[in-house]
Amino acid sequence: MIRKLVDFQLGLGLLKVFCLGAVLVTYSYQAAASDSNAATVSNETSKLPITIYYETLCSDSMVFITHQLYPSWLRREKEMKLRLVPFGKSWIDERNNDSPVYHCQHGPRECELNILHGCILEKLPFNKAFPVVACLMKNFRTSFEKCIESHADKKEAINSCSKGQLGGILYKDFANQTDSVHRPLPFVPTIVDDEPYNYYEQDNWLQHFDRKFVERYEAKYGTKL
């Protein structure tokens with residue numbers, strides 16, 4: 001009987017209830033077992049979402065990615081959840097559903113490169129894809145063959161994607177994502193964080209991306225970078 005009473009008291013000791021303001025937190029064996037999962041979720045949610053809507057042959061996109069976005073991402077990769085959407089002010093003529101026609105602000109070659117960028121992002125993990133994209137965006141003369149050298153094993157899959165059905169599916173999705181921001185985009189590149197698109201904030205993002213990112217991150221998470 002004494003043994004059972006001790007076991008019961010120990011069992012009660014394993015269940016503690018803490019009240020923080022109006023939030024009731026119950027801690028038990030089950031909660032303890034999920035601590036590691038909670039830490040993982042915390043790490044994921046501490047990344048600030050940033051989406052860049054750009055065009056591959058747009059000089060403003062090239063300058064922004066080369067001199068602002070890529071250097072900032074290299075410093076803040078752990079805090080930045082970056083997405084790239086290579087579509088810009090393009091549009092898709094779908095009157096013939098069997099063979100949609102792509103139109104791009106800087107001509108047919110830009111459409112081909114936009115789709116190629118989409119396939120790079122599809123076939124490589126982002127931390128490997130973005131350096132390839134950044135390499136291609138350095139200037140108008142950089143080649144895919146040169147920029148993909150470090151991932152030559154993926155070159156054929158990326159080329160097949162860009163020339164096949166998957167490339168078209170990705171491009172249609174980029175069109176929908178871009179249209180959901182603003183149709184057409186007032187300016188390319190367009191930068192959107194976790195808040196609704198704000199046209200009047202674009203100049204700050206374009207000219208002072210890293211500073212703006214730090215300000216937004218610290219305001220959201222209360223953590224100094």
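Numbering of residues begins from 1 in every chain and follows the order in which that chain's sequence is written. The model is predicted, so local features are restricted to residues of pLDDT at least 70 and side-chain atom pairs to those at 80 or more, both for listing and for counting; the totals for chains, interfaces and linings are taken over all residues. Hydrogens are left out, water is left out, and the side-chain values use all remaining heavy atoms of the structure.

Caption draft 1: Representation of the pairing of strand β4 (residues 80-86) within the structure. Any residue under 20% of the maximum accessible area for its type is buried, any over 50% is exposed, and the rest in between are partly exposed; the area is computed with a 1.4 Å probe on protein chains only. Think of it this way: any DSSP run of H or I at least four residues long counts as a helix, any run of E at least two long counts as a strand, and we number them from the N terminus. Within β4, five of the seven residues are buried, leaving the element largely enclosed by the surrounding structure. Of the pairings in the sheet, the one linking strand β3 (residues 48-54) to β4 comprises seven bridges and is parallel in character. Opposite Ile50, over in β4, you have Leu82 as the bridge partner. With the strands aimed away from the viewer, a crossover counts as right-handed if its path from the first strand over the helix to the second runs clockwise. The β-α-β motif built from β3, the intervening helix α4 (residues 59-76) and the parallel element β4 has right-handed crossover chirality. Pairing between two strands requires that DSSP report at least two bridges joining them.

Caption draft 2: Representation of helix α8 (residues 155-163) within the structure. Ile158, Cys161 and Ser162 are the residues of α8 that are buried. Angular distribution of buried residues about the axis of α8 spans 95°; they occupy a single face of the element. For α8, exposure combined with an orientation more than 90 degrees from the buried face picks out Glu156 and Lys163. Where the residues of α8 are buried, they touch α5 (108-123), α7 (144-147) and α9 (165-179). By arc we mean the arc of the directions from the helix axis to the C-beta atoms, nothing more. In what follows, residue pairs with any heavy atoms lying within 4.5 Å of each other are defined as contacts.

Caption draft 3: Main features of the side chain of Asp193. As for its position among the elements, Asp193 is in the loop between β7 (190-192) and α10 (202-207). Asp193 sits in the buried class, given a relative accessible area of 14%. Whenever a nitrogen or oxygen atom comes within 3.5 Å of another N or O atom, the pair is scored as a polar contact, on the condition that within protein one atom can donate a hydrogen and the other can accept it, and that pairs from neighbouring residues in sequence are kept only if both atoms are in side chains. Separated by 2.9 Å, the side chain of Asp193 and the backbone nitrogen of Glu195 make a polar contact. Engagement of the side chain of Asp193 in a polar contact is seen with the side chain of Arg216, the distance being 3.2 Å. Once you skip the residues sitting within four places of it in the chain, Asp193 turns out to touch Pro49, Ile50, Trp205 and Arg216.

Caption draft 4: View of the pairing of β3. Within β3, six of the seven residues are buried, which leaves the element mostly enclosed by the surrounding structure. As judged from the three bridges shared by β3 and β7, these two strands associate in the antiparallel manner. Directly across from Thr51, in β7, lies its bridge partner Val192.

Caption draft 5: View of the state of the cysteines. What counts as a disulfide here is a pair of cysteine sulfur atoms lying within 2.5 Å. Throughout the structure, instances matching the rule amount to three disulfides. Across the disulfide, Cys119 is cross-linked to Cys161 (sulfur-sulfur distance 2.0 Å). Sign of the S-S torsion, about -75° for the bond between Cys119 and Cys161, identifies this disulfide as left-handed. With Cys119 in helix α5 and Cys161 in helix α8, the pair connects residues that are 42 residues apart, well separated along the chain. Here Cys135 engages in a disulfide with Cys147; their sulfurs sit 2.0 Å apart. Taking the sign of the S-S torsion, about -75° here, the bridge from Cys135 to Cys147 comes out left-handed. Here Cys135, found in helix α6 (residues 126-136), pairs with Cys147, found in helix α7; they are twelve residues apart in sequence, far enough to count as distant. A single burial state applies to Cys135 and to Cys147, both of which are buried.

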